[in-house]
Amino acid sequence: MTPLTLLWVLPAAGALACGAGGLAGRRVARGLALLFATAHLAATALVFSALLKTGGVGFYAESGPTWAYGISYSLAADGLSASLIVLTAFLTFICVVASWELEVGAGYWAAFLALSSALCGVFLARDLFFFYAFWEATLIPMFFIIGLWGSENRRKAAVKFFLFTFAGSVFMLLGILALVTAKHAAGGVWSWDLAVLDSAKSSFPAWAFWGLVAGFAVKIPLAPLHTWLPDAHTEAPAAGSVMLAGVMLKMGVYGLLRVAIPLFPELSWEALPLIGGLAAFSTVYGALCAMAQGDLKRLIAYSSVAHLGFCVLGAFSRSPQGLAGASLQMLNHGITTGALFLLVGFLYERTHKRGLADFGGLAARAPWLTFFFGFSTLASIGLPGLNGFVGEFLALFGAATALPALAIGGAVGVTLAPAYALPAFQAVFWGPEGPGSKSAEVTDLTLREKSILWTLCALMLWIGLRPTPWLAALEPSLRGLAR
Amino acid sequence: MTLDLTAAVWVVTGALFALGLAACVLRRQLLAMLLGIELMIAAANVALVHHAGLFSDAEALAAVAIVIAVAAAEAVVGLSLILRVHRMGGGLDAGELSELRG
Amino acid sequence: MIPPEVALPVKLLFGAPTAAILFGFFVMRRLKPEWTHWPILASCAAVCASAAWLAAFVHAGHGFDQPLWTWAMVGDWGVAFGVRLDGPSAAVLAMVAFVGSLIHVYAAGYMKGDPGFNRFFLVFHLFFLAMIGLLLSNDYVQLYLFWELVGVASYLLVGFWWHKESARKAALKAFLTNRVGDLGFLVSVVLILLVFKTTRLQLVYMTVAGKQPELLALIAFGLFWAACAKSAQWPLYWWLPDAMEGPTPTSALMHAATMVTAGVFLLVRSWPLIDAVPGMGEAIAWIGAGTALGAAVLAGTKRDLKQVLAYSTVSHLGLMMLALGLGQVGVAVFHLIVHGFFKAVLFLCAGNVAHALHQSTASIDQVGGFRRAMPLTYACFVVAALSLAGVFPFAGFFSKDAILDAAWHHGGALGWLGMAVSAGSAFYVFRLLFLTFHGARAEQTGPAAHPHEADAVMTVPVVFLAAGAAVVGWLGPMVVTTLSSGWTHVPQGVPVMPGDIALPHVNYAVAAMGTAFAALGAGAAWWLTMKDAGWDWRWRREAPWADRLYASDFGWKSLCDAFVRGVVRLGGFVGVVLDKRWWDGLLEGSTAAARVAGDAVERAALGRVNDYLWWMLAGTAILLGRALR
């Protein structure tokens, strides 16, 4: 088995192993999950370091057999996809550690590994058939993660999540089919391979682009198509939110960078005022919505809408800086929002509450929780020196080179970020304890929880102070997309 | 003469088919509907046999043999299903069997 | 290369505070939190020595601008961080290091016994470190980094006593207002990148000529907007008076050395950009003068000691802006340095008074006649007040006179505005002096609360600072030499540090007029606090409308409040009504629409086999019809 195949097969095998291990008891399944998540993380790190040695340009690991209608098994990794794969494996590992004390069965662990496998498949596949198959496969474990292990309204949230994103991907499927048939009509060859399709760029119908963009935009989500996100985030278990925000949203941006923009270079440039405008709108709209939320998870969910707006802004600016900023912002958002969701999850585990009004004065009771939450909040609002700023700044700069008005819209979004993040921080950690406050039940973080957050916060600081190596790993794979 | 025979066969098989169809569509008695189906198959078979002779085509005769076998199988399956429905107390009225309704 | 003879001090300036903060966080917090200040004070000593070393280096005519490491690089574009040492950075750094370190010493006494002692010192020192980094930045992105770090540190310090609602609100207000200003900075940095292809200060200086004037104007405006927030100028000044909710050393550091001077420093740094935009300097001067006068008037009406001083800071920053806008950049920096000394003294004295009352701040109702109980504090306060009012030979005289001279020579209303500010400054500071230390009046609780002089750790630093406030004006020539040296690699003709007023500069006519106006203000203060002792309380009773007018800063505060409420309500509308109820309701309602459609179709599907057969028949007929046609 080639290394790239291993990257998605390993967690899939882990999922099966967890399912089987569940027969022997919960603890066995849990141990197996940790084992496989660790192995997967190590494998991704190995592949990534091999990739860095090639200068980040990428390598094809496997071009398997071709079946009917030109469907072929072809995988590839470059800086863009490999970084997201490492992020997937890393966050899966973090989720397993963070969920360690939960009273859950083998299915929980299996679902996370299955999700990890499908996500890696999405980032690896270069054949649109497999891309689509993996894309839809991610829905199944996430559906169960929300629907089985979520909080009170989990059923409705799970169904809403599934229907919304599925409806979005129908448009994407139509777009993909249009590409493949157009290629066949133009050259008489059936192929789903991105590299082959690339040669038939001029024959693709414009509506295929809009279909693809619609599918990706629901996933990202861009502002008017985002309403599935707050519900899904709110009801999902903490680790589920981490995977959802940390990796699944990135599939949309990845799709833009991998499929929509390379195959439609002119059209995507012409669409900049519309899509870039929507992205800038998302940054402001998400921030305004977040200001009104009384539930920590909903608030962070809306902030994700705002942050992902910067990714789209950078991606569609099609400048080297904007593209690099967009892809770095994906990693940043995974780390920072992951940390925030975990922290809210820790609060929820202790009190079964997550409303702003349910807490107060935690700074005195749980100093470590306060420290990490404050740190992550600062990273999230784009404090220079921490990771969020790098991505936002590069995306804004990219947008300015393309259409300066967009940069100003995005800058307004940056300005609004503390207007929702800091009042929330103050309400929970500084504010007075209201009647029915759950603060008394909150104990400070345990060693296990602290280790997770030290890791995440160290990454935030590292990327913030020294983004160059990260950018250097991402940049070569984005070179072809620049105007 | 041959033309007349063909016309006669068409008239007979057509009438037979129409009868079978009418039995299927108009009657709600399950057995009657099954009989209607058999009639339609028989009509098709007669037409096939005649035209096989007309064009000296052995494959058509083979098709007739297959149709007879399928019809027999269909009768068996159909009858046993009807029997099953009857035993479950569903009666023999197709109008009553509306579980498919959404 | 950093010149080897100053490599050590540069390393110490960054290394010592970083090490002290990390040591304090990881080691002292666990072992001996009440000793956190020792490593930090050691770091302060190192910073002071290094700053003096660097100032001497620049004074001798050297300077450097050295990128040290690449922060971010994409393709052919990169941002490198480094160290830039030239006149303004060395001069301001020397003041910040000296004043800041003394305030650290003071804080060790002031914060003693506070449960958050460790946290306070770590953040306090981070604040200091951020300012040092800001002064030594050689790149706009780097400057922005430290600029924001200053903002965060001030947020944590103003909100230090977070259990007080006023502190929480003030912290939020400070951060968010500054963030509104940072919008201008961020847009400017992005535009600078767009126009100049680099953010390195030196390269910007060299290539400023011949760029698109519209974009340059936008950049200059954005930078000024940012400076308005940080340096508390109208229209964004309103956070500063509230920011005194933090512990007093925080206020002192913020007003004297670290935070508010950053805005002026940014404009000094960006002077070539501002100078390239016609009319920009004039606009800055007018806004500065207007803010100075308005804040001076308001300072005379406030009741809280620290609040009076806060408005006084706004007023003096306005004077700096006035000088800067008129092109006298050197004078602005000189006043910035002098102001750092006397404002630190005033705040620390106010802190001593509040400390004596066991409060975080004091109102004029609670003081009166503290002269005898706190002689040292009193003496220091007097020196600083004379300096602030611009009385010869105290330091403030020299810097203020230079500003007034510049304004007078510019002519027109600006000169008279400057004179009015001079009178107002003298009025509010002497009003404060008389009300606090002389008296007590019938309305004051006075010294009944048994005030006592503070410990040596809290008075000795103040004495040192007061000495500075007295004599630092005589260092004018030294400051000017320093300011104009160290500009390596900047070609002739680029207006980096202009200003034709040689310091110390005494234009006798202007000096006499300024002093006369100051005397007028001081005399009015004496009359209305000593001669007519109850005046301050009386006018509030008799003219409540005036009280309201002043309390709302001539209505501007109410306007800002309304704006903030508007944004919050907009957020509420968008987040709850528009997004959740309408838009998400509509989308979730689409399932209901599907159900209605399903019900409609259901009527056609009753599950009867015969019906389906009819359908089938019809379909077959259509297909046959098409096939046979």
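Provided above is the structure to which this section pertains.
Keep in mind it's a predicted model, so treat the numbers as computed, not measured.

A closer look at the interface of chain C and chain A
Line of reasoning, step 1. Facing 52 residues of chain C, the contacting portion of chain A comprises 60 residues.
Line of reasoning, step 2. At the boundary of chain C with chain A, total buried surface from both sides reaches about 4700 Å², with 75% on carbon and sulfur atoms.
Line of reasoning, step 3. Our count for the contact surface shared by chain C and chain A stands at 4 salt bridges.
Line of reasoning, step 4. A salt bridge links Asp231 of chain A to Lys580 of chain C; the shortest N-O distance between them is 3.9 Å.
Line of reasoning, step 5. Counting the contacts that link chain C with chain A gives 17 residue pairs in polar contact (both at pLDDT 80 or more).
Line of reasoning, step 6. Residue assignment for the side of chain C that touches chain A shows that the elements contributing at least two residues are helix 1 (4-31), strand 1 (64-74), helix 5 (140-158), helix 6 (165-196) and helix 23 (556-602) of chain C.
Line of reasoning, step 7. The element contributing the most residues to the side of chain C that touches chain A is helix 23 of chain C, with 15 residues.
Line of reasoning, step 8. When its residues are assigned to classes, the side of chain C that touches chain A shows 36 nonpolar, 6 polar and 10 charged.

What about the pattern of salt bridges?
Line of reasoning, step 1. What the rule picks out here adds up to 33 salt bridges over all chains.
Line of reasoning, step 2. For Lys201 of chain A, the salt bridge goes to Asp198 of chain A, with nearest N and O atoms at 3.8 Å.
Line of reasoning, step 3. By relative accessible area, which is 32% here, Lys201 of chain A ends up partly exposed.
Line of reasoning, step 4. Ionic pairing is found between Glu34 of chain C and Lys32 of chain C, a salt bridge with its closest N-O pair at 3.2 Å.

Here we look at the side chain of Lys250 of chain A
Residue and element names in this part refer to chain A.
Line of reasoning, step 1. With respect to the helices and strands, the residue Lys250 is situated in helix 11 (residues 238-263).
Line of reasoning, step 2. Polar side-chain contacts of Lys250 include one of 2.7 Å to the backbone oxygen of Gly246.
Line of reasoning, step 3. A polar atom in the side chain of Lys250 sits 3.2 Å from the side chain of His333.
Line of reasoning, step 4. Discounting residues that sit within four places of it in the chain, Lys250 has contacts with Leu84, Ala245, Leu308, Met330, His333 and Gly334.

What about the packing of aromatic side chains?
Line of reasoning, step 1. The full count for this structure, using the stated rule, is 75 aromatic pairs over all chains.
Line of reasoning, step 2. For the pair Tyr73 of chain A and Phe130 of chain A, a centre-to-centre distance of 5.6 Å together with 80 degrees between the ring planes defines the contact as edge-to-face. Of this pair, Tyr73 of chain A sits in strand 2 (residues 72-77) while Phe130 of chain A sits in helix 5 (residues 128-137), and the two are 57 residues apart along the sequence.
Line of reasoning, step 3. Using a relative accessible area of 18% as the deciding quantity, one classes Phe130 of chain A as buried.
Line of reasoning, step 4. Between Phe392 of chain C and Trp474 of chain C, the aromatic rings sit 6.1 Å apart at their centres with planes inclined by 70 degrees, giving edge-to-face as the arrangement. Separated by 82 residues along the polypeptide, Phe392 of chain C in the loop between helix 15 (375-389) and helix 16 (395-410) and Trp474 of chain C in the loop between helix 18 (456-471) and helix 19 (476-484) bring together distant segments of the chain.
Line of reasoning, step 5. Judged by its relative accessible area of 48%, Phe392 of chain C is partly exposed.
Line of reasoning, step 6. Taken together, Phe389 and Phe393 of chain A together with Trp69, Trp71, Phe81, Tyr144, Trp147 and Phe185 of chain C form an aromatic cluster joined through their ring pairs.
Line of reasoning, step 7. Here Arg29 of chain C stacks its cationic end above the ring of Phe25 of chain C, 4.8 Å away from the centre of that ring.
Line of reasoning, step 8. Of note, Lys32 of chain C hangs over the ring of Trp35 of chain C, and the distance from its end group to the ring centre comes to 5.0 Å.

Rules behind the numbers
Sequence positions are assigned chain by chain, starting from 1 and proceeding in written order. Whichever chain is written first becomes A and whichever ligand is written first becomes 1, with later ones labelled in order. Owing to the predicted nature of the model, reporting of local features is limited to residues with pLDDT of at least 70; listing and counting of side-chain atom pairs is limited to 80 or more, with chain, interface and lining totals taken over all residues. The side-chain values count all of the structure's non-hydrogen atoms but skip hydrogen atoms and water molecules. Any two residues whose heavy atoms approach within 4.5 Å are treated as being in contact. Once two parts are joined, some of their accessible surface, as seen by a 1.4 Å probe, is lost; buried area is that loss totalled over both. When a carboxyl oxygen of Asp or Glu is within 4 Å of a side-chain nitrogen of Lys or Arg, the pair counts as a salt bridge. Definition of a polar contact: a pair of N or O atoms within 3.5 Å, with one able to donate and the other able to accept a hydrogen when the atoms are protein atoms, and with sequence-neighbouring residues admitted only if both atoms are side-chain atoms. Here a strand is any run of E in DSSP of at least two residues, a helix any run of H or I of at least four, and the numbering for each starts at the N terminus. Gly is placed with the polar residues, together with every amino acid not listed as nonpolar (Ala, Val, Leu, Ile, Met, Phe, Trp, Tyr, Cys and Pro) or charged (Asp, Glu, Lys and Arg). Note on classification: 1.4 Å probe, protein chains only; a residue is buried when its accessible area is under 20% of the maximum for its type, exposed when over 50%, partly exposed between these limits. Here a pair means two rings of Phe, Tyr or Trp (six-membered ring of Trp) with centres within 6.5 Å. Their orientation is stacked below 30 degrees between planes, edge-to-face above 60, and tilted elsewhere. To sit over a ring, a charge needs its Lys NZ or Arg CZ within 6 Å of the ring centre and within 35 degrees of the ring normal.

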